[in-house]
Amino acid sequence: MTTTVDSTFTEPTATPLALLLLGRQADPNSERGVECPGDLPPASDPELVERARAAKAKLGDRVFILGHHYQRDEVIEFADVTGDSFKLARDAAARPEAEYIVFCGVHFMAESADILTGDAQQVVLPDLAAGCSMADMATAEQVAECWDVLREAGVADVTVPVSYMNSSADIKAFTGKHGGTICTSSNAKRALEWAFEQGEKVLFLPDQHLGRNTAVREMGFSLDDCVLYNPHKPNGGLTAEELRDAKMILWRGHCSVHGRFTLDSVEEVRERIPGVTVMVHPECRHEVVAAADLVGSTEYIIKALDAAEPGSKWAIGTELNLVRRLAKAHPDKEVVFLDRSVCFCSTMNRIDLPHLVWALESLVEGRVPNVITVDPETEKYAKAALDRMLALP
Ligand code: 13P
Ligand code: SF4
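For clarity, every value in this text was computed on a predicted model and none was experimentally measured.

### Side note on the overall build of the protein
For step 1, the next point in the chain: Across its full length, the protein carries 17 helices and 13 strands.
For step 2, the next point in the chain: Over its C-alpha trace the protein gives a radius of gyration of 21 Å, about what one expects of a compact globule, namely 21 Å for 393 residues.
For step 3, the next point in the chain: The principal-axis extents of the C-alpha atoms in the protein amount to approximately 65 × 55 × 40 Å.
For step 4, the next point in the chain: Taken across its 393 residues, the protein has 50% of its residues classed as buried.
For step 5, the next point in the chain: Considering only intrachain contacts with a sequence separation of at least 6, the fraction spanning at least 24 residues in the protein is 70%.

As structure tokens, this is what we get:
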């Protein structure tokens with residue numbers, strides 16, 4: 001089944017810049033501790049698959065394993081459900097009987113699962129270093145300061161915060177406290193429509209690209225309606241007048257994986273593969289999204305390929321694990337990775353089979369490792385924002 005694609009799918013070259021330097025204190029915020037008490041099996045252990053199967057079977061319905069689409073094949077194989085961040089948030093909330101939710105994804109997703117699941121359930125992240133560089137680009141202090149800047153400019157009262165799922169529980173709580181909602185890449189347009197019914201402006205956190213792409217490409221705003229708030233500059237680098245004139249106040253954050261796709265790669269692939277359809281994730285830069293044929297969340301990308309004609313040609317701009325899996329699943333279509341150098345999401349890739357086996361075997365032994373817990377006050381407001389998202393039409 002995989003042979004056709006294996007012969008045509010070209011692996012991009014790894015570049016050091018595509019990887020975060022984890023475990024070296026290069027970005028302590030996204031490291032969040034990397035210890036695994038007890039024995040982490042070596043990746044070379046030939047029994048890993050068997051051990052994962054056995055531990056999962058022993059745990060039965062007590063454990064529910066969620067796998068984000070960017071996870072490695074070796075991990076996805078053991079997921080009870082796979083999905084984008086929206087689907088996984090809903091799936092976690094719909095499993096009240098599972099004692100343990102093992103979240104094969106990144107830290108902010110596990111936090112959201114903890115918020116949406118019952119008090120008796122525990123959410124386990126197999127490697128605590130699986131953070132998200134984008135989520136780390138907006139801290140609670142920076143966002144509180146930004147709100148003060150908006151207040152001083154006289155626009156806070158008419159501004160509704162909309163925060164991307166890819167944010168910490170603190171940022172979600174800020175959003176809930178100020179009457180805003182969470183969104184994901186599947187429902188950003190609906191979230192923004194809702195927000196503009198509540199107020200005149202939106203503060204969009206932390207992904208400038210998803211905010212800009214949704215507002216301009218899907219809702220008819222112009223680029224001039226958007227301003228960029230830079231948390232590292234006094235007053236975000238904006239004047240009160242600029243804030244008053246803006247419709248979308250975009251936080252200066254981005255995804256370190258999707259931000260690397262370029263307009264050049266779109267032009268190059270169109271020349272190389274005549275008739276190719278370019279499909280990208282909305283976390284890509286605006287010029288990339290504007291040059292693409294189709295734009296959507298990971299779930300959207302998967303469905304579009306399922307519905308595609310045999311023989312059709314596709315260049316996909318999203319994380320490499322997913323694109324590789326899609327190429328394997330569609331040997332009757334030509335599926336290429338949009339860029340020759342963009343690589344895996346290194347933090348998603350922290351979750352590997354040894355960490356999954358370690359987490360499952362710990363649970364079998366009665367130890368609950370790497371529990372992700374959000375404090376009750378944060379949870380209350382973050383849940384209000386997440387519930388608003390889940391209730392969007
Ligand atoms: P979705 O799964 O919502 O498409 O988001 C992609 C992503 O970057 C997750 O971190
Ligand atoms: Fe964060 Fe980007 Fe990785 Fe998603 S793909 S977890 S947004 S760094």
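### Details of the environment of Asn213
For step 1, the next point in the chain: Within the secondary structure, Asn213 sits in helix α10 (residues 208-219).
For step 2, the next point in the chain: Asn213 gets classed as buried once you count the C-beta atoms within 10 Å, which come to 24.
For step 3, the next point in the chain: As for Asn213 and Asp80, which are separated by 133 residues in sequence, their C-alpha atoms are 32 Å apart.
For step 4, the next point in the chain: Apart from residues no more than four positions distant in its own chain, Asn213 is found in contact with Pro282, His286, Val289 and Val295.

### With respect to the site of ligand 1
For step 1, the next point in the chain: Neighbouring residues of ligand 1: Asp84, Ser85, Phe86, Asn166, Thr184, Ser185, Cys255, Glu283, Ser297 and Thr298.
For step 2, the next point in the chain: Taken together, the residues of the shell around ligand 1 break down into 2 nonpolar, 6 polar and 2 charged.

### Regarding the domain arrangement of the protein
For step 1, the next point in the chain: Along its sequence, the protein is carved into domain 1 (32-132 + 347-376), domain 2 (135-255) and domain 3 (258-337).
For step 2, the next point in the chain: A separation of 29 Å is found between the C-alpha centroids of domain 1 and domain 3.
For step 3, the next point in the chain: Listed per partner, the contact involves 9 residues of domain 1 and 7 residues of domain 3.
For step 4, the next point in the chain: Along the lines of polarity and charge, the residues of the side of domain 1 that touches domain 3 split into 2 nonpolar, 3 polar and 4 charged.

### Brief notes about the pairing of strand β12 (residues 313-317)
For step 1, the next point in the chain: β12 sits mainly inside the fold: 4 of its 5 residues count as buried.
For step 2, the next point in the chain: Sheet topology note: the strand β10 (residues 277-280)/β12 ladder contains 4 bridges and is parallel. For Val278, the partnering residue across the bridge sits in β12 and is Ala315.
For step 3, the next point in the chain: Of the strand pairs in this sheet, β12 and strand β13 (residues 334-337) are connected by 4 bridges, and their pairing is parallel. Paired with Ile316 across the bridge in β13 is Phe337.
For step 4, the next point in the chain: Taking the sense of rotation as the criterion, the β-α-β connection linking β12, helix α15 (residues 320-329) and β13 turns out right-handed.

### Details of the site of ligand 2
For step 1, the next point in the chain: Taken together, 13 residues lie near ligand 2, and Cys132, Met134, Cys255, Val257 and Cys345 sit nearest.
For step 2, the next point in the chain: Classifying every residue of the shell around ligand 2 gives 8 nonpolar, 4 polar and 1 charged.

### A few points about the packing of helix α5 (residues 85-93) against helix α6 (residues 107-116)
For step 1, the next point in the chain: Axis separation between α5 and α6 bottoms out at 8 Å; the angle between their running directions is 35 degrees. Here α5 and α6 pass one another in a crossing that is right-handed. Within the contact between the two elements, α5 uses Ser85, Leu88, Ala89, Ala92 and Ala93 and α6 uses Met109, Ser112, Ala113 and Leu116.
For step 2, the next point in the chain: For the contact of α5 with α6, the class distribution of residues is 7 nonpolar, 2 polar and no charged.

### Some thoughts on the sheet that holds β10
For step 1, the next point in the chain: Here 4 strands make up an open sheet; going across it, the order is β11-β10-β12-β13 and the pairing parallel. Taken across any chain shown, the strands that pair with only one partner, and hence form the sheet edges, are β11 (294-295) and β13.
For step 2, the next point in the chain: Sheet strands in contact with α15 are β12 and β13, and its direction is about 165 degrees off that of β13.

### Some details on the sheet that holds strand β9 (residues 248-251)
For step 1, the next point in the chain: Strand order in this open sheet of 5 strands is β6-β5-β7-β9-β8, and the pairing throughout is parallel. Each having just a single partner strand, β6 (181-183) and β8 (226-229) make up the two edges of the open sheet. Each adjacent strand pair in this sheet contributes to an overall mean axis angle of 25 degrees, direction not counted.
For step 2, the next point in the chain: Where strand β5 (residues 159-164) and strand β7 (residues 201-205) come together, 5 bridges link them in parallel fashion. Considered in β7, the bridge of Ser163 is made with Leu205.

### A look at helix α14 (residues 298-306)
For step 1, the next point in the chain: Along α14, the residues classified as buried are Thr298, Ile301 and Leu305. Down the axis of α14, the sector holding all buried residues measures 60 degrees, keeping them to one side. Along α14, exposed side chains directed more than 90 degrees from the buried face belong to Lys303 and Asp306.
For step 2, the next point in the chain: Close packing links the buried residues of α14 with β10, β12 and α15.

Rules of the game
Residues numbered from 1 in each chain as written. Chains lettered and ligands numbered in written order. Predicted model: local features only at pLDDT ≥ 70, side-chain atom pairs only at ≥ 80, totals over all residues. Helix = DSSP H or I, 4+ residues; strand = E, 2+ residues; numbered from the N terminus. Rg over C-alpha atoms; globule rule 2.2 N^0.38 Å. Buried ≥ 20, exposed ≤ 12 C-beta atoms within 10 Å, placed from the backbone. Contact = placed C-beta atoms within 7 Å. Near = placed C-beta within 6 Å. Nonpolar A, V, L, I, M, F, W, Y, C, P; charged D, E, K, R; others polar. Domains from an automatic or database assignment. Pairing = 2+ DSSP bridges. Right-handed = clockwise from strand over helix to strand, strands pointing away. Axes fitted to C-alpha atoms, helices over the stretch in contact; angles between N-to-C directions. Left-handed = near helix turned anticlockwise from the far one by under 90°. Arc of directions from axis to C-beta.

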